[in-house]
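Structural features, examined
Chain by chain, the residues run as shown.
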Amino acid sequence: MDNLRDLNVVVTGGAGDIGAAMGAEVCRRGATVTLLDRKSPDEASDWVDRVSANGKADYVQVDVTDRSSVESVLAAIDPLDVVVSNAGIVIPVPFLDVTQEQWHQHLDINLTGCFNVGQTAARLMVSRGTRGRIIFTGSWVGDIPWPEDSAYSVSKAGVKMLAKSMARELSSKGILVNVVAPGIVDAGLAAQVMRDDPSFRAQAERVIPLGQLSTPEQVAKATAFLCSEDSDHMTGSVLLVDGGCSLFYWD
């Protein structure tokens, strides 16, 4: 399990369940990890400790919507081999009740945040001659609408097209761009809703053919695959880790 040895990997949204699981997994495989998140170092300490227990990990506070901060932080990381743009939010709201503020929050963080991180990383890789990898966290709802998730679904659909556009233009530079697309993950806000609303959990599990929510660790293993040489002939791809959600198993 050392197929990422000697790589420098950056994970945004690293002070959260999925981002920390990604960081821990690539650490276990030998990578040096830098976690980025908008939380203060004190707020992020538990997640950073989880990752550091598996290898070498640093933490830098940054907001992915702040372009100049993103540029400054990424420029200081050299070499920059892999960037996982994972930061995101989801606020479940019926479509008729979505406010402009909520709409812009989703697009600013989930989509423009990926643009800021992805373009900055790509420019640095090109200027340094690095044949690197950029990975975005998408979602199965980028293709399949889930009730009360319109703003989130639209933002993730945009992330998929951003990755495909980048992959086409950056292939000649040796830069691979892919998406890992989780299903319903037992983490973060989703986990909270599952705990507070057993009927929602039952509904969510019912539409997953494998009968279980995804774990952060399952998503992390798929992400590590995209970081590794095993995915050398993949670019512009969307790797679903959804337990079959997108198969429409409505029983």
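Before any of the text, the structure's been laid out above.
One structure accompanies this document, and this report is about it. Here the structure is a predicted model, which is why all the values come from computation and not from measurement.

What follows concerns the packing of helix 3 (residues 67-75) against helix 4 (residues 100-128). For the pair helix 3 and helix 4, the least separation of the axes is 10 Å and the interaxial angle reads 35°. By crossing handedness, the relation of helix 3 to helix 4 is classed as right-handed. Contacts from Arg67, Val70, Glu71, Leu74 and Ala75 of helix 3 reach helix 4 at Phe115, Asn116, Val117, Gln119, Thr120, Ala121, Arg123, Leu124 and Arg128. Residues that form the contact of helix 3 with helix 4 fall into these classes: seven nonpolar, three polar and four charged.

One open sheet accounts for seven strands, arranged 3-2-1-4-5-6-7; its pairing is parallel. Taken across any chain shown, the strands that pair with only one partner, and hence form the sheet edges, are strand 3 (57-61) and strand 7 (238-241). Averaged over all neighbouring strand pairs, the angle between strand axes comes to 20°, with direction disregarded. Where strand 6 (residues 176-182) and strand 7 come together, four bridges link them in parallel fashion. Residue pairing in the sheet places alanine 181 in a bridge with leucine 240 of strand 7. Each of strand 4 (82-85), strand 5 (133-137), strand 6 and strand 7 is contacted by helix 8 (residues 216-227), which is oriented at about 170° to strand 6, the strand it contacts most.

Take the pairing of strand 2 (residues 32-37) next. Summarising burial for strand 2: five of the six residues are buried, a large majority. Where strand 1 (residues 8-12) meets strand 2, five bridges bridge the pair, whose relative direction is parallel. Opposite valine 11, over in strand 2, you have leucine 35 as the bridge partner. Since strand 1 and strand 2 lie parallel, the crossover through helix 1 (residues 17-28) that links them has a hand, and here it is right-handed. Here five bridges tie strand 2 to strand 3, and the two strands are oriented parallel to one another. Residue pairing in the sheet places valine 33 in a bridge with alanine 57 of strand 3. After leaving strand 2, the chain enters helix 2 (residues 41-52) and then returns to the sheet as strand 3, a path that is right-handed.

It is the contact of helix 4 with helix 5 (residues 150-170), at a shortest axis distance of 8 Å, that shows an interaxial angle of 15°. With respect to helix 5, the axis of helix 4 lies roughly parallel. As helix 4 runs across helix 5, the sense of the crossing is right-handed. Where helix 4 approaches helix 5, its residues Trp103, His106, Leu107, Asn110, Leu111, Cys114, Phe115, Gly118 and Ala122 are matched on the opposing element by Ala151, Tyr152, Val154, Ser155, Lys156, Gly158, Val159, Leu162, Met166 and Leu170.

Tallied over the entire structure, the rule returns one aromatic pair. The ring of tryptophan 47 has lysine 39 lying over it, and the distance from NZ or CZ to the ring centre is 5.1 Å.

Tallied over the entire structure, the rule returns zero disulfides. Here cysteine 114 is not disulfide-linked; the sulfur of cysteine 227 is the nearest cysteine sulfur, at 15 Å. Counting only cysteine sulfurs, cysteine 27 is the nearest neighbor of cysteine 227, a cysteine outside any disulfide, at a range of 11 Å. Looking at cysteine 227, the relative accessible area reads 2%, which means it is buried.

On to the nonpolar core. Counting 32 residues, the largest nonpolar core has Met22, Val26, Val84 and Val180 as the members making the most contacts within it. Of all the elements in the fold, those that place two or more residues in this core are strand 1, helix 1, strand 2, helix 2, strand 3, strand 4 and helix 8. The next biggest cluster of nonpolar side chains, apart from the first, holds 30 residues, and it includes Val73, Ile77, Ala163 and Ala167.

It is worth spelling out the pattern of salt bridges at this point. By the definition in use, this model includes nine salt bridges. Where arginine 67 meets glutamate 71, a salt bridge forms, and the shortest distance between an N and an O atom there is 2.9 Å. Note that arginine 67 and glutamate 71 are positioned in helix 3 at a spacing of four residues, about one turn of the helix. Ionic pairing is found between aspartate 78 and arginine 128, a salt bridge with its closest N-O pair at 3.7 Å. Pair noted here: aspartate 78 is in the loop between helix 3 and strand 4 and arginine 128 is in helix 4, with a separation of 50 residues, a long-range link. On the accessibility criterion, arginine 128 (29% relative accessible area) is partly exposed. Linked through salt bridges whose partners overlap, the residues forming this network are Glu25, Arg28 and Arg29.

Rules of the game
All residue numbers refer to position in the chain's written sequence, counted from 1. This being a predicted model, a pLDDT of at least 70 is required before a residue's local features are given, and a value of 80 or more before pairs of side-chain atoms are given or counted; all residues contribute to the totals for chains, interfaces and linings. Each side-chain value is worked out from all heavy atoms of the structure, with water and hydrogens disregarded. Lines are fitted to the C-alpha atoms to define the axes, a helix being fitted only along its stretch in contact, and any angle between axes, read from their N-to-C directions, falls within 0 to 180 degrees. Helix and strand definitions follow DSSP, with helices as H or I runs of at least four residues and strands as E runs of at least two, each counted in order from the N terminus. Rotating anticlockwise by less than a right angle from the far helix to the near helix defines a left-handed crossing, while the corresponding clockwise rotation defines a right-handed one. Working rule for contacts: check all heavy atoms of both residues, and any pair within 4.5 Å makes them a contact. Residues were grouped as follows: Ala, Val, Leu, Ile, Met, Phe, Trp, Tyr, Cys and Pro as nonpolar; Asp, Glu, Lys and Arg as charged; and all remaining residues, including Gly, as polar. Strands qualify as paired when DSSP identifies two bridges or more between them. Only protein chains enter the accessibility calculation, which uses a 1.4 Å probe; a residue whose area is less than 20% of its type maximum is buried, one above 50% is exposed, and one in between is partly exposed. When the strands point away from the viewer and the path from the first strand over the helix to the second turns clockwise, the crossover is right-handed. Comment on the angle field: the value is read as roughly parallel under 35 degrees, roughly antiparallel over 145, roughly perpendicular from 65 to 115, and oblique elsewhere. Centres within 6.5 Å are what make two rings of Phe, Tyr or Trp a pair, Trp counting through its six-membered ring; a difference in plane orientation under 30 degrees is then read as stacked, over 60 as edge-to-face, and the rest as tilted. The criterion for a charge sitting over a ring is simple: Lys NZ or Arg CZ within 6 Å of the ring centre, and within 35 degrees of the ring normal. A pair of cysteine sulfur atoms is labelled a disulfide when the two atoms are within 2.5 Å. Within this scheme, the nonpolar core is defined by two criteria: the residues are buried Ala, Val, Leu, Ile, Met, Phe, Trp, Tyr or Cys, and they are joined through side-chain atoms within 4.5 Å. Should a side-chain nitrogen of Lys or Arg be within 4 Å of a carboxyl oxygen of Asp or Glu, the pair is scored as a salt bridge.

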